[in-house]
Amino acid sequence: MKLSEENIREALYDVKDPEIPTISLVDLGIVTGISVSDTNDVNVQLTPTFAGCPALRIMEDLVADRIKIIDGVNNVTVSTNFDVQWNTNMISEVGLKALKKHGLAPPPRHDGYIELDVLSDTACPYCGSRNTTLETPFGPTLCRSMHYCKNCKQAFEGFKPVT
Amino acid sequence: MDFFNEDHIAAAKDLLYKMADDQLIIGHRNSEWTGLGPLLEEDIAFSSMAQDKIGQSEHLYELLHQLGESDPDNVAFTRNADQFHCCHLVEWPIGEYDFSLIRHFLFDFAEAVRFDMLANSSYEDLAKIARKYRGEIKYHTMHANTWVQQLATGSDESKSRMQNALNETWNLALGIFEEGKYEDTLKTAGIFEGEAVLKRRWMDSVIPLLEKYGLNVPDESTWAPVYGGRQGFHTGHLQPLLSEMTEVYAIDPTADW
């Protein structure tokens with residue numbers, strides 16, 4: 001049976017970000033290309049969230065492992081490149097909810113221009129209050145910022161907007 | 001690379017080497033703040049920026065690999081100081097926080113402008129990377145700008161420390177823009193508009209900010225750019241850094257960590 005790109009994409013919803021296990025790589029927006037040959041050879045292209053993301057190779061392996069167990073798949077290749085440059089607007093609506101479920105304030109949609117006040121105006125993922133302050137735009141991973149909610153008096157992390 | 005003739009390839013390699021080496025070395029220096037930052041947040045900030053820079057350098061080394069150079073690990077870990085093309089600014093030890101902060105400010109604004117220019121490069125693989133790096137470096141310049149502003153407009157001690165650090169660092173920063181022999185080739189090939197244009201745009205972005213914060217840019221009559229790094233002439237600080245950075249690789253090149 002000839003597999004479709006959609007068959008592959010469906011399977012990739014099962015592959016989660018190794019550092020944020022609530023969000024799939026598809027919803028994160030980093031799956032930028034899928035091709036299936038007549039003989040069911042599959043090639044998947046990924047784009048890095050951050051150039052220095054240490055999970056790049058792990059994500060390639062997770063993608064390859066998931067596709068290999070699809071019935072009828074022949075050879076699998078996964079490559080990472082910058083042909084499409086990732087930005088946080090590429091995270092799906094489902095993905096934004098998944099980030100929040102993990103306790104991360106989702107990034108605001110942006111128009112290609114980001115200043116610190118954009119980050120300062122972040123709603124608390126726990127209580128929803130906007131009475132928060134940005135502690136630092138750098139966090140425990142490259143994609144996170146650190147905030148404090150003055151309403152529920154908790155520190156929280158945000159997934160920072162990237163252009 | 002259809003559009004490249006041999007001269008274009010040599011010019012692109014020269015450009016890639018200096019950018020990648022700058023990033024690898026400043027990344028390593030930034031990482032030396034891990035555990036030592038004056039605040040926990042600064043510790044994390046410099047560590048994150050180190051990770052960004054080293055990650056960014058790897059993709060530039062990958063482009064060099066595509067142009068026929070050795071693989072990224074080999075290029076990063078097996079060269080001696082005289083084979084590096086970084087500017088002296090990035091190789092100096094971290095010193096006190098005031099020096100590291102001013103260096104970070106001057107260097108990252110230059111990188112921001114450089115990658116902005118390269119986003120329109122005719123060398124499409126480099127342009128794609130530049131468009132990506134711009135967004136990441138935006139966080140570096142925001143960070144540098146926030147702290148330079150706070151400290152330059154803070155206590156008497158913090159003001160004088162910022163001013164002294166700026167005085168000591170300015171000529172090193174001008175060394176970023178040392179021209180190479182391929183400036184004309186890069187321009188005519190549409191790869192890069194050149195160091196002179198970059199320097200002018202950098203001054204247009206940093207000088208008004210520094211002045212706004214009450215800092216005095218050294219008088220132009222005293223400007224003496226510190227050159228040599230792009231040609232492989234370095235301070236005595238680079239080789240010890242490389243020896244430390246490559247220690248594990250030197251013991252076991254196949255080590256995985």
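This text gives an overview of the structure that appears in the document. Given the structure is predicted, the values throughout are model-derived calculations rather than measurements.

Some thoughts on the pairing of strand E8 (residues 144-149) of chain A
Residue and element names in this part refer to chain A.
Stage number 1. With four bridges connecting them, strand E7 (residues 132-136) and E8 associate as antiparallel partners. From the neighbouring strand, Thr 133 faces E8, where its bridge partner is Tyr 148.
Stage number 2. Between E8 and strand E9 (residues 154-159), which pair antiparallel one after the other, the connecting turn spans four residues, and Lys 153 there sits at a positive phi close to 55°.

Focus: the packing of aromatic side chains
Stage number 1. For the coordinates displayed, the defined rule picks out eleven aromatic pairs over all chains.
Stage number 2. An angle of 85° between the planes, with centres 6.3 Å apart, marks the rings of A:Phe82 and B:Tyr133 as edge-to-face. Of this pair, A:Phe82 sits in the loop between strand E5 (76-80) and helix H4 (93-101) while B:Tyr133 sits in helix H6 (residues 124-152), which puts the two residues in different chains.
Stage number 3. For B:Tyr133, a relative accessible area of 0% gives the class buried.
Stage number 4. For the ring pair B:Phe115 and B:Tyr133, a centre distance of 5.3 Å and an interplane angle of 70° mean the geometry is edge-to-face. You can see B:Phe115 sitting in helix H5 (residues 97-118) and its partner B:Tyr133 sitting in helix H6, a full 18 residues away along the chain. You'll find B:Phe115 and B:Tyr133 in the same group, each marked buried.
Stage number 5. Taken together, the ring pairs connect B:Trp170, B:Phe177, B:Trp202 and B:Trp223 into an aromatic cluster.
Stage number 6. Against the face of B:Tyr139 rests A:Lys160, its NZ or CZ located 4.5 Å from the ring centre.
Stage number 7. Sitting over the face of the ring of A:Phe50, B:Lys132 holds its NZ or CZ atom 5.8 Å from the ring centroid.

Considering the packing of helix H7 (residues 156-174) of chain B against helix H9 (residues 195-212) of chain B
Residues and elements named next belong to chain B.
Stage number 1. The contact between H7 and H9 brings their axes to 13 Å, and the two run at 165°. For the element pair H7 / H9, the angle class is roughly antiparallel. Judged by the twist between their axes, the crossing of H7 over H9 is right-handed. Within the contact between the two elements, H7 uses Leu 166, Trp 170, Ala 173 and Leu 174 and H9 uses Lys 199, Trp 202, Val 206, Ile 207 and Leu 210.

Brief notes about the layout of surface pockets
Stage number 1. In this structure, the second largest pocket spans a volume of roughly 390 Å³.
Stage number 2. Taken together, 15 residues line the second largest pocket, and the ones lying closest to its centre are A:Tyr113, B:Ala112, B:Asp116, B:Arg134 and B:Lys138.
Stage number 3. Elements with a contribution of two residues or more to the lining of the second largest pocket: H5, H6 and H9 of chain B.
Stage number 4. The element contributing the most residues to the lining of the second largest pocket is H6(B), with five residues.
Stage number 5. Residues of the lining of the second largest pocket, tallied by class, amount to six nonpolar, five polar and four charged.

Here we look at the nonpolar core
Stage number 1. With 129 residues, the main nonpolar core has A:Leu12, A:Val44, A:Ile67, B:Trp170, B:Trp202 and B:Leu210 as its most contacted residues.
Stage number 2. In terms of residue count, the dominant contributor to this core is H5(B) (13 residues).
Stage number 3. Shared between two domains, this core takes at least three residues from each, and those domains are domain 1 (5-86) and domain 2 (103-159) of chain A.
Stage number 4. Apart from the residues lying within four places of it in its own chain, the contact partners of B:Trp170 are B:Leu106, B:Trp202, B:Val206, B:Ile207, B:Leu210, B:Val217, B:Pro218 and B:Trp223.

Let's talk about the pairing of E5(A)
Residues and elements named next belong to chain A.
Stage number 1. Where strand E4 (residues 42-46) and E5 come together, five bridges link them in parallel fashion. Among the inter-strand pairings, Val 44 is bridged to a residue of E5, identified as Val 78.
Stage number 2. The parallel pair E4 and E5, bridged by helix H3 (residues 56-68), forms a crossover whose chirality is right-handed.

Details of the pattern of salt bridges
Stage number 1. Evaluated as defined, the whole model comprises 23 salt bridges over all chains.
Stage number 2. Measuring nitrogen to oxygen at the nearest pair gives 4.0 Å for the salt bridge that ties A:Arg9 to A:Glu6. Here the residue A:Arg9 and the residue A:Glu6 both occupy positions in helix H1 (residues 5-12), the gap between them amounting to three residues, near one helical turn.
Stage number 3. Taking the relative accessible area as the measure of exposure, A:Glu6 reaches 45% and is therefore partly exposed.
Stage number 4. As a salt-bridge pair, B:Arg114 and B:Glu195 come within 3.0 Å of each other at their nearest N and O atoms. Remark: B:Glu195 occurs in helix H9 and B:Arg114 occurs in helix H5; sequence separation between them is 81 residues.
Stage number 5. Since its relative accessible area comes to 0%, B:Glu195 is described here as buried.
Stage number 6. Taken together, the shared-partner salt bridges connect B:Glu96, B:Asp98, B:Glu157 and B:Arg161 into one network.

The rules we used
- In this convention, every chain numbers its residues from 1, walking through the sequence in written order.
- For naming, the first written chain is A and the first written ligand is 1, with later ones following in the order written.
- Local features are withheld for residues below a pLDDT of 70 in this predicted model, meaning they are given only at 70 or higher, and side-chain atom pairs are given and counted only at 80 or more; totals for whole chains, interfaces and linings count all residues.
- With hydrogens and water stripped out, all remaining heavy atoms of the structure feed into the side-chain values.
- Note on pairing: DSSP must find at least two bridges between two strands before they are called paired.
- Strands are runs of DSSP state E lasting at least 2 residues, helices are runs of H or I lasting at least 4, and numbering of each runs from the N terminus.
- Pairing of aromatic rings covers Phe, Tyr and the six-membered ring of Trp, with a centre-to-centre limit of 6.5 Å; geometry is then stacked below 30 degrees between planes, edge-to-face above 60, and tilted otherwise.
- Classification of residues uses two cut-offs on accessible area relative to the type maximum, computed with a 1.4 Å probe and protein chains only: under 20% is buried, over 50% is exposed, and between them is partly exposed.
- Two conditions define a charge sitting above a ring: the NZ of Lys or the CZ of Arg must be within 6 Å of the ring centre, and it must be within 35 degrees of the ring normal.
- Simply put, an axis is a line fit to the C-alpha atoms, just over the touching stretch for a helix, and the angle between two N-to-C directions goes from 0 to 180 degrees.
- An angle below 35 degrees is read as roughly parallel, one above 145 as roughly antiparallel, one from 65 to 115 as roughly perpendicular, and any other as oblique.
- Helix crossings fall into two classes, left-handed where the near helix is turned counterclockwise from the far one by less than a right angle and right-handed where it is turned clockwise.
- Contact between two residues is taken to exist if any of their heavy atoms lie within 4.5 Å; hydrogens are not considered.
- Think of a 1 Å grid over just the protein atoms. A cavity is a set of points where a 1.4 Å probe fits yet cannot get out, a pocket is an open set with protein on both sides within 12 Å along at least five of seven lines, and lining residues have an atom within 4 Å of a point.
- Grid points are joined across faces, edges and corners, and a volume is the space filled by probe spheres set on the points.
- All residues other than Ala, Val, Leu, Ile, Met, Phe, Trp, Tyr, Cys, Pro, Asp, Glu, Lys and Arg, Gly among them, are scored as polar; the first ten of these are nonpolar and the last four charged.
- As used here, the term nonpolar core means buried Ala, Val, Leu, Ile, Met, Phe, Trp, Tyr and Cys residues forming a set that is joined through side-chain atoms within 4.5 Å.
- Here the bounds of each domain stem from an automatic or database domain assignment.
- With its strands directed away from the observer, a crossover is right-handed exactly when the path from the first strand over the helix to the second travels clockwise.
- Each salt bridge in this description consists of a side-chain nitrogen of Lys or Arg and a carboxyl oxygen of Asp or Glu lying within 4 Å of one another.

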